[in-house]
Amino acid sequence: MKRRPIEAIGTGTARCLDCRLRHLTLFADLEPGDFNLINLPIDEIDCEAGSVLYSAGGEATAIFTIRVGLVKLVQYLPDGTQRIVRLLGPGATAGLEVIVNQPYGHSAIALQPSSLCRIPRPVIERLCRETPRLQGQLMRRWHAALHEADGRLTELSTGKALQRLARLLLHLAQADGTAVLFSREDLGAMLGISREHASRAVAELRRHRAISEISMNRFRCDIARLEAIGIEDC
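Reference entry: report on the structure contained in this document. Since this is a predicted model, take the numbers as computed values, not measurements.

Criteria and thresholds
Residues numbered from 1 in each chain as written. Predicted model: local features only at pLDDT ≥ 70, side-chain atom pairs only at ≥ 80, totals over all residues. Heavy atoms only, no water. Axes fitted to C-alpha atoms, helices over the stretch in contact; angles between N-to-C directions. Helix = DSSP H or I, 4+ residues; strand = E, 2+ residues; numbered from the N terminus. Parallel < 35°, antiparallel > 145°, perpendicular 65-115°, else oblique. Contact = heavy atoms within 4.5 Å. Nonpolar A, V, L, I, M, F, W, Y, C, P; charged D, E, K, R; others polar. Salt bridge = Lys/Arg side-chain N within 4 Å of Asp/Glu carboxyl O. Buried < 20%, exposed > 50% of the residue type's maximum accessible area, 1.4 Å probe, protein only. Pairing = 2+ DSSP bridges. Phe/Tyr/Trp six-rings, centres within 6.5 Å; stacked < 30°, edge-to-face > 60°.

**A few points about the packing of helix α4 (residues 161-172) against helix α5 (residues 184-191)**
When two helices pack together, their arrangement is given by the angle between the helix axes and the distance between those axes. Remark: α4 packs on α5, axes separated minimally by 10 Å, with the N-to-C direction vectors making an angle of 100°. Regarding the angle of α4 to α5, the classification is roughly perpendicular. Contact residues: Arg-164, Leu-165 and Leu-168 in α4; Leu-187, Met-190 and Leu-191 in α5. Along the lines of polarity and charge, the residues of the contact of α4 with α5 split into five nonpolar, no polar and one charged.

**What about the pattern of salt bridges?**
Within the structure shown, the criterion is met by seven salt bridges. Residue Arg-218 is joined to Asp-176 by a salt bridge in which the shortest nitrogen-to-oxygen separation is 4.0 Å. A residue pair is termed long-range when its members are at least 10 positions apart, and Arg-218 in strand β12 (residues 218-221) and Asp-176 in the loop between α4 and β10 (178-180) qualify at 42 residues. A relative accessible area of 31% places Arg-218 in the partly exposed class. The closest approach of N and O atoms between Arg-225 and Asp-222, which form a salt bridge, is 3.4 Å. The partly exposed category is assigned to Arg-225, whose relative accessible area is 38%. Residue Asp-222 is classed as partly exposed on the basis of its relative accessible area of 28%.

**Focus: the sheet that holds strand β6 (residues 82-88)**
Pairing is antiparallel in the open sheet, where four strands are placed in the order β3-β8-β5-β6. The open sheet has two free edges, formed respectively by β3 (52-54) and β6, since each of these has just one partner strand. Direction aside, the axes of adjacent strands within the sheet are offset by 30° on average. Bridging between β3 and strand β8 (residues 107-110) involves two bridges; their strand directions are antiparallel. In the sheet register, Tyr-54 faces β8, and the bridge partner there is Ala-108. Contacts from α5 reach β5 (71-76) and β6, with the element oriented near 90° to β6.

**Overview of the packing of α5 against helix α6 (residues 195-207)**
Put simply, α5 and α6 touch, their axes get as near as 8 Å, and they point 100° apart. What the angle tells us is that α5 and α6 run roughly perpendicular. Residue-level contacts link Arg-184, Glu-185, Leu-187 and Gly-188 of α5 to Arg-195, Ala-198, Ser-199 and Val-202 of α6. Within the contact of α5 with α6, the residues separate by chemical class into three nonpolar, two polar and three charged.

**Focus: the packing of aromatic side chains**
One pass over the full model with this rule turns up two aromatic pairs. Both rings, one in Tyr-54 and one in Phe-64, keep their centres 5.8 Å apart while their planes meet at 35°; by these two values the pair is tilted. Taken together, the residues span a long stretch of sequence, with Tyr-54 in strand β3 and Phe-64 in strand β4 (residues 62-68) at a distance of ten residues. By the burial criterion, Tyr-54 is buried, and Phe-64 matches it. Judged by centre distance (3.7 Å) and plane angle (15°), the rings of Tyr-54 and Tyr-104 are stacked. Residue Tyr-54 is found in strand β3, and its partner Tyr-104 is found in the loop between β7 (93-94) and β8; the two are separated by 50 residues along the sequence. Overall, Tyr-54 belongs to the buried group, its relative accessible area being 6%. Here Tyr-104 falls in the buried class, since its relative accessible area comes to 5%.

Right under this line is the structure:
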């Protein structure tokens, strides 16, 4: 994992202000003057797939905003198996435990090569004290995370494997109708099924012509067929 420090003043402030993703990020509501409150560097981090941003139970020292890529939040069960509880894409925030001064509740691991901004806890604490704009954004993101978790529990933990995978692909599909899947092990951890069941479900969706492989793990999705499979009694 490579870190490139961004200065908190001068270039760093300008970079945050001019960020093309700022309207999607934690700093979306901040006004130009608010950036003067940032008194520590914000690191821009490049990481490869498999890089661990933080581990469950660790001290929450920073919040992460995803700029590029995909990050999974993982919960480890007593038997050692993992369950992916959330996927975070561009604009999403990881490490919200910072705002309640609690340890990280999950492990955050990059699923794809990713670029992130690491915002130290003291920066968050100062902004929360001195501007209500960040507080509002944090509360909206906390609520959105809870809402997504409730919906994901229903969509991806009920029904047969084929239905669950169809619903996941609908969630992952981009505007151009393509979706990038991750390893079969990660698919199983996301859907609460075995790796073997995940592999069979992918093959079955291909037979149904609901997906077609463009390149390694990149698929073109037939949205109508996926929607039908996601709700039918398989």
